[in-house]
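Structural overview
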Amino acid sequence: MCCDLKRRFLLLYATQKGQAKAIAEEICLQAGTHGFEADMHCLSEMDKYNLETEKDPVVIVISTTGTGDPPDTARKFVKKIRDKTLPPDHLAHLQYGLLGLGDSEYTFFCNGGKTVDRLLQELGAQHFYDTGLADDCVGLELVVDPWIDGLWLALEEVFLLQKEKEGMSNDVIADPHVGHEMNLSSKIQNLNLGDEGVRNSDGPSHKLLDINVVASTTDTEPSLVHSVPPISQSALNIPALPPEYIEVQFQDTHGENPHPSSLVSEGTTFEVPVTKASRLTREDAVKTALLLELDIANTAFDYQPGDAFCVICPNNVSEVEELLRILGLSERGENFVCIKVKQDTKKKGATRPQHIPERCTLKFILTWCLELRAIPKKAFLRALVECTSNAGEKRRLQELCSKQGASDYTHFIRESNVCLLDLLHAFPSCKPSLNLLIEHLPKLQARSYSVSSSNLYQPGKLCFVFNIVEYPACPTRPILRKGVCTGWLAELVAPLLHTNKDTLDMKSYPTEKISIFSRPNNTFHLPSDPSVPFVMVGPGTGIAPFIGFLQHRQKLREEHTDWEFGETWLFFGCRHQDRDYLFKDELRCFLENGTLTHLKVCFSRDSSMGEVAQPKYVQDVIRLCAKEVARVLLKESGYFYVCGDKKHMADDVL
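A brief report on the enclosed structure follows. On a predicted model such as this, the values are computed, not experimentally measured, just so you know. (Residues numbered from 1 in each chain as written. Predicted model: local features only at pLDDT ≥ 70, side-chain atom pairs only at ≥ 80, totals over all residues. Heavy atoms only, no water.)

**Here's the deal with the overall build of the chain**
From N to C terminus, the chain includes 20 helices and 23 strands. Residue pairs at least 24 apart in sequence account for 79% of intrachain contacts in the chain once pairs closer than 6 positions are excluded. With the model as given, the accessible surface of the chain reaches about 31,600 Å², and the carbon-plus-sulfur share is 50%. (Helix = DSSP H or I, 4+ residues; strand = E, 2+ residues; numbered from the N terminus. Contact = heavy atoms within 4.5 Å. Areas by Shrake-Rupley, 256 points an atom, 1.4 Å probe, with all protein chains shown as cover.)

**Notes on the nonpolar core**
Counting residues in each nonpolar core, the largest one holds 50 residues, and the members touching the most others are Leu323 and Leu370. In this structure, Leu323 is in contact with Leu366, Leu372, Leu420, Leu421, Leu424 and Leu437, ignoring residues within four places of it in sequence. Within the second largest apolar cluster, 31 residues are counted, among which are Leu11, Val143, Ile148 and Leu155. (Core = buried A, V, L, I, M, F, W, Y, C linked by side-chain atoms within 4.5 Å. Buried < 20%, exposed > 50% of the residue type's maximum accessible area, 1.4 Å probe, protein only.)

**Observations regarding the sheet that holds strand S13 (residues 336-341)**
Strand order across the open sheet formed by 3 strands is S9-S13-S14, with antiparallel pairing between neighbours. Edge positions in the sheet fall to strand S9 (246-250) and strand S14 (360-361), since each of these pairs with one other strand and no more. (Pairing = 2+ DSSP bridges.)

**Things to note about the sheet that holds strand S12 (residues 308-312)**
Taking strand neighbours across the sheet as the criterion, the 6 strands line up as S15-S12-S19-S10-S11-S16 in an open arrangement whose pairing is antiparallel. Of all strands in the sheet, those bounded by a partner on one side alone are strand S15 (447-450) and strand S16 (461-467). Averaged over neighbouring strand pairs, the angle between their axes works out to 40° when direction is ignored. (Axes fitted to C-alpha atoms, helices over the stretch in contact; angles between N-to-C directions.)

**Section: helix H11 (residues 406-414)**
A large share of H11 lies buried, amounting to 7 of its 9 residues. Of the positions making up H11, those classed as buried are Ala406, Asp408, Tyr409, Thr410, Phe412, Ile413 and Arg414. Here the buried face of H11 lies against helix H4 (141-165), helix H9 (378-385), helix H10 (391-401) and helix H12 (420-426).

**Observations concerning the packing of aromatic side chains**
Summed over the entire model, instances satisfying the criterion amount to 25 aromatic pairs. Ring geometry for Phe301 and Tyr303: centres 6.4 Å apart, planes at 50°, overall tilted. For the pair Phe301 and Tyr303, one class covers both residues: buried. Taken together, a centroid distance of 5.3 Å and an interplanar angle of 75° make the contact between Phe524 and Tyr641 edge-to-face. Within this pair, whereas Phe524 is found in the loop between strand S19 (513-519) and strand S20 (534-537), its partner Tyr641 is found in strand S23 (residues 639-642), the two being separated by 117 residues in sequence. Comparing Phe524 with Tyr641 shows no difference in burial state: the two are buried. Through a chain of ring-to-ring contacts, three or more aromatic side chains come together here, namely Phe524, Phe534, Phe546, Phe549, Tyr639 and Tyr641. Cation over ring: Arg332 sits above Phe250, and NZ or CZ is 4.0 Å from the ring centre. (Phe/Tyr/Trp six-rings, centres within 6.5 Å; stacked < 30°, edge-to-face > 60°. Lys NZ or Arg CZ within 6 Å of the ring centre and 35° of its normal.)

**Overview of the environment of Leu86**
Within the secondary structure, Leu86 sits in the loop between helix H2 (75-81) and strand S4 (95-102). Residues Leu86 and Leu123 lie 37 residues apart in sequence; the distance between their C-alpha atoms is 7.5 Å. In contact with Leu86, not counting residues within four places along its chain, are Lys80, Ile81 and Leu123.

**Structural notes on the pattern of salt bridges**
Per the counting criterion, the structure on display carries 35 salt bridges. Between Glu156 and Arg7 there is a salt bridge, with its nearest N and O atoms 2.6 Å apart. Of the two residues, Glu156 is situated in helix H4 and Arg7 in the segment before strand S1 (8-14); the sequence distance between them amounts to 149 residues. The same class applies to Glu156 as to Arg7, namely buried. A salt bridge links Arg579 to Asp284; the nearest nitrogen and oxygen atoms lie 3.7 Å apart. With Arg579 in the loop between strand S21 (568-574) and helix H17 (584-592) and Asp284 in the loop between strand S10 (269-279) and strand S11 (289-295), the pair connects residues that are 295 residues apart, well separated along the chain. Arg579 gets classed as partly exposed once you look at its relative accessible area, which sits at 28%. Where salt bridges share partners, they join Glu319, Arg373, Asp422, Arg477 and Arg481 into one cluster. (Salt bridge = Lys/Arg side-chain N within 4 Å of Asp/Glu carboxyl O.)

**Quick look at the pairing of S20**
What you see with S20 is no split at all: Phe534 and Met536 on one side and Val535 and Val537 on the other are buried throughout. In this view, the connection linking S20 to its parallel neighbour S21 by way of helix H16 (residues 544-559) has right-handed handedness. Looking at chain direction, S20 and S23 are connected through 4 bridges and run parallel. Each bridged residue has a counterpart across the sheet, and for Val537 the counterpart in S23 is Val642. (Right-handed = clockwise from strand over helix to strand, strands pointing away.)

**What to know about the packing of H9 against H10**
At a minimum axis separation of 9 Å, H9 and H10 run at an interaxial angle of 160°. Judged on the interaxial angle alone, H10 and H9 are roughly antiparallel. The two elements H9 and H10 meet at a crossing, and its hand is left-handed. Across the interface between the two elements, Lys378, Leu381, Arg382, Leu384 and Val385 of H9 pack against Lys394, Leu397, Gln398, Leu400 and Cys401 of H10. Taken together, the residues of the contact of H9 with H10 break down into 6 nonpolar, 1 polar and 3 charged. (Parallel < 35°, antiparallel > 145°, perpendicular 65-115°, else oblique. Left-handed = near helix turned anticlockwise from the far one by under 90°. Nonpolar A, V, L, I, M, F, W, Y, C, P; charged D, E, K, R; others polar.)

**A closer look at the side chain of Thr568**
Counting through the fold element by element, Thr568 comes out in strand S21. Look at Thr568 and you get buried, because its relative accessible area is 0%. A distance of 2.8 Å separates a polar side-chain atom of Thr568 from the backbone oxygen of Thr595. For Thr568, the contacting residues outside a window of four places in its chain are Phe534, Met536, Arg553, Thr595, Leu596, Thr597 and His598. (Polar contact = N/O pair within 3.5 Å; in protein donor to acceptor, adjacent residues only side chain to side chain.)

What follows is the structure, encoded as structure tokens:
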């Protein structure tokens, strides 16, 4: 390539939890090895780029949050390009490629990326590369890796055409990886994201390892730590080693840590007491559901039924201690640390992680700042290879982050919910540095829950319901593990649960407090017109927001006897009528006083006593009520709400 020919492209990302940023950083890292220069910015940094005057190709990586919304960091950008006063050729000069991230367990899959894609098209912008939509449900890497691989050929085509337009077609391109394919634009337009030829193509950004390791004859089945042919005997394409960029300095042990709520940038946080906790399921139920009541009377926290809110939670104490032990830092947990960017780092645009305070202890960082349970990305596995001394363990980690090991990564890492601690136990010779963990572990996210109450019905109270999430023991995890937040909450309120309700003296127990912040929902609310009928489908804990709906409706009926109210339907299902029928008594009361017009229930694990088989799932009951549901929706313009398991139930209901 002519050294004076600058092949720059603008790389923009918008992220909610850090995934889109990590992928953008990987693109930025690979760009240099392909002879390109990536000018990387967050979409929110609108003072650092200008699409209206941009002449170079643009690459956008954007995730989806909430109910199909663009990330918070993309809100201003989306608002700007959504301006109806802009002419349809406003961005006609722009060439771009877009990679959207999403989760098909949610209805509006990749809607953040799809929204930006559509708005750019409406303003005349043109694709130079087909849009990729990656699914976190099955593994982002299944689309992300081949999309990035194909990006370089697409960019080559853009710059080749650009040169021809500028009359520079006589320049010689000396990049050996750019052959006769460069001028085949059809290869760009018809890129198949599932094409194995693309996915496994050798590129300068991938190190080729030709290590012939024969699997032990005793290990005929692959596992997290063992591989079998053909991968155990294959040459491997592994990612480029991400450059280190964090420097950690230990300081004294004096001072105070900041309050965890100071880590939240999404809005105002409120520290509120837990005033009540009750178990909604019987001891022998498959899942344990808890109801917690929070006192928000002395705060400015406000909500509507149907809203969600977030709980700021810590990592498990024993897991933090175990990690410190493995790292050999048990004695330094209470030391304050200073985190800086290495002066000689090769990472472009490296900055100190904003989710870690400038001054806090090591234990605070591991407890409140880093997602210890995060499923390790391939870039993290690649970095861990360099920290592993045992040759067999090193090879297996290389396989798991390689292109050839994609299916092993999906099965043994992703689908098995393997986290850092699991890896360190499975690969005992792996001794990562503290800076490596800070570089690769994402921010510990607050957990979101649906409100299960009405402020009108219970002034000053906020209730929510959750199942205690459990990950059973398996070959890669010898002990049962509970969800980060649900396990912590269950432990926090255990004294309230184990005390006789009739003799409970709240003053005899310390009032536990949790920090929360609002996450309003713009769509999941009651109809503004009370005369409009609505249907609610909420099996299991999916019933939670509908209890708030019904409480609110009951109070409105009491206060406005002259109003006209539309009929209400609730479809509820659970495993056993006598074990996990949530809010059974409350629903009966709503039915008796007319707040709830129709209650339809089903129990999937109870055996049918009659001659006719009873419906097992909510979708079966809806089918039996087809005419009534159709009438409510089609003739009376009713509302239809679904809450619960997206993976199975919601699609079947749809």
